[in-house]
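As a plain string of letters, each chain reads:
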Amino acid sequence: TPLSKLLELGCVDRKTCTDPIPSCGKTCGKPLPCSSHDFIHTCENLCHEGECGPCTRTSNISCRCGFRTKEVPCVLIQNEGDFTFICDKRCNKKRQCGRHKCSEICCVDKEHKCSLICGHKLNCGLHRCDQPCHRGNCQNCWQTSFDELTCYCGESVIFPPVPCGTRPPECKKPCTRQHECDHPVFHSCHNEEKCPPCTYLTQKWCMGKHEVR
């Protein structure tokens, strides 16, 4: 209401700018902090100076994920962040890896990335995948050796860099390991710790020692 209108109604004329501004006597009507896009609460006090008093009504607010609502006194709503709360509902959606559930409380995540470590054994059989849990096969082991990789006897060599998990090279030379018997060796150099059985033909008596076979 213009001050000139209040003068016509009999209000005292202000002499200086520090004099209080008179009230028009109408309802204030300013939007209160508890107002939102869905509802607007206004000040019900008469025209006044300073901040409006607290709202005496209640408002319905939704949880962060929108699953639940509850009614709260407007006096508890002072800013936009007070219009939401966290409910106790756990998210049952699968994460991007397809193996684990989200399980977050009052979840608002759209991508549902998995924060766990994969941990599956890599193709080398020695190391485990340290990437976040994922779909599909793991990447090849990135670790590399810069030492020469040889067969047991050392005749065949793979020169560095040697990717992790590479098997020792095949060798056509006769096996040089120490054997239980002194028969000629017919198998080649190998990577297995145990040699194959000896195939050399020997003569032995039968159980009753009647004939030699």
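Computed from a prediction, not measured in an experiment: that's the story for all the values here.

## Brief notes about the overall build of the protein chain
Check the secondary structure of the protein chain and you find 1 helix and 7 strands. Mapped in sequence order, the helices and strands of the protein chain form the string α-β-β-β-β-β-β-β. Overall, the C-alpha framework of the protein chain stretches about 145 × 45 × 20 Å when taken along its three principal axes. Of all 213 residues assigned to the protein chain, the portion counted as buried reaches 19%. Look at the contacts in the protein chain between residues 6 or more apart in sequence, and 15% of them connect residues 24 or more apart. Of the roughly 16800 Å² that the protein chain leaves accessible, carbon and sulfur atoms contribute 51%.

## So, the pattern of salt bridges
Taken as a whole and assessed by the stated rule, the structure comprises 4 salt bridges. A salt bridge links D88 to R68; the nearest nitrogen and oxygen atoms lie 2.9 Å apart. With a gap of 20 residues between them, D88 in the loop between β3 (84–85) and β4 (144–145) and R68 in the loop between β1 (58–63) and β2 (69–73) connect regions that are remote in the sequence. Under the relative-accessibility criterion, R68 is labelled partly exposed at 35%.

## Comments concerning the sheet that holds β1
Taken together, the 3 strands give an open sheet; going across it, the order is β2-β1-β3, and neighbouring strands pair in mixed fashion. Of all strands in the sheet, those bounded by a partner on one side alone are β2 and β3. The pairing of β1 with β3 spans 2 bridges and is classified as parallel. Directly across from C63, in β3, lies its bridge partner F85.

## Let's talk about the UniProt feature "domain: NF-X1-type" (unreviewed entry) in the protein chain
Residues annotated in UniProt with the feature "domain: NF-X1-type" (unreviewed entry) correspond here to residues 28–57, 97–116, 124–143 and 181–200. For residues 97–116, the helix share is 0%, the strand share is 0%, and the end-to-end C-alpha distance is 10 Å. Each end of residues 124–143 is marked by a C-alpha atom, and these two atoms are 9 Å apart; helix forms 0% of the span and strand 0%.

## Some words on the environment of T84
Mapped onto the secondary structure, T84 falls in strand β3. The spacing of T84 and S62 is 22 residues in sequence and 5.4 Å in space, taken between C-alpha atoms.

## Quick look at the nonpolar core
Membership of the largest hydrophobic core comes to 13 residues, with the highest contact counts inside it found for C34, I61 and I77. Among all residues touching C34, those that are not within four sequence positions of it are F39, H41, C55, S59, C74, I77 and F83. With 6 residues, the next largest nonpolar core counts C118, L122, C124 and C141 among its residues.

## Quick word on the pairing of β1
Relative to β2, β1 runs antiparallel, the two sharing 5 bridges. The residue of β2 that forms the bridge with N60 is E71. What sits between the antiparallel neighbours β1 and β2 is a turn of 5 residues, in which G66 has the positive phi angle 80°.

## Quick look at the state of the cysteines
In total, this model carries 0 disulfides according to the counting rule given. Take C34: it sits in no disulfide, and the sulfur closest to it among the cysteines is that of C74, at 3.7 Å. Here C195 stays free of any disulfide, with the sulfur of C175 as its closest cysteine sulfur at 3.8 Å.

## What to know about the domain arrangement of the protein chain
Entries for the protein chain in the domain assignment read domain 1 (21–85), domain 2 (88–141) and domain 3 (143–193). If you average the C-alpha positions of domain 2 and of domain 3, the two centres end up 39 Å apart.

## Let's talk about the layout of surface pockets
Each pocket or cavity is described by its volume, and for the largest pocket that value is around 370 Å³. Lining the largest pocket are 17 residues, and of these H179, E180, C195, P196 and C198 lie nearest its centre. Taken together, the residues of the lining of the largest pocket break down into 8 nonpolar, 5 polar and 4 charged. Approximately 250 Å³ is the volume found for the second largest pocket. Around the second largest pocket, the lining is made up of 14 residues, and of these C65, K89, C91, K93 and C107 lie nearest the centre. For the lining of the second largest pocket, the per-class residue count stands at 6 nonpolar, 2 polar and 6 charged.

Calculation rules
- Residues numbered from 1 in each chain as written.
- Predicted model: local features only at pLDDT ≥ 70, side-chain atom pairs only at ≥ 80, totals over all residues.
- Heavy atoms only, no water.
- Helix = DSSP H or I, 4+ residues; strand = E, 2+ residues; numbered from the N terminus.
- Buried < 20%, exposed > 50% of the residue type's maximum accessible area, 1.4 Å probe, protein only.
- Contact = heavy atoms within 4.5 Å.
- Areas by Shrake-Rupley, 256 points an atom, 1.4 Å probe, with all protein chains shown as cover.
- Salt bridge = Lys/Arg side-chain N within 4 Å of Asp/Glu carboxyl O.
- Pairing = 2+ DSSP bridges.
- UniProt positions renumbered as here; feature names shortened; annotations may be inferred.
- Core = buried A, V, L, I, M, F, W, Y, C linked by side-chain atoms within 4.5 Å.
- Disulfide = S-S within 2.5 Å.
- Domains from an automatic or database assignment.
- 1 Å grid on protein atoms, 1.4 Å probe; cavity = no way out; pocket = protein on both sides within 12 Å on 5 of 7 lines; lining within 4 Å.
- Points joined across faces, edges and corners; volume = space filled by probe spheres on them.
- Nonpolar A, V, L, I, M, F, W, Y, C, P; charged D, E, K, R; others polar.

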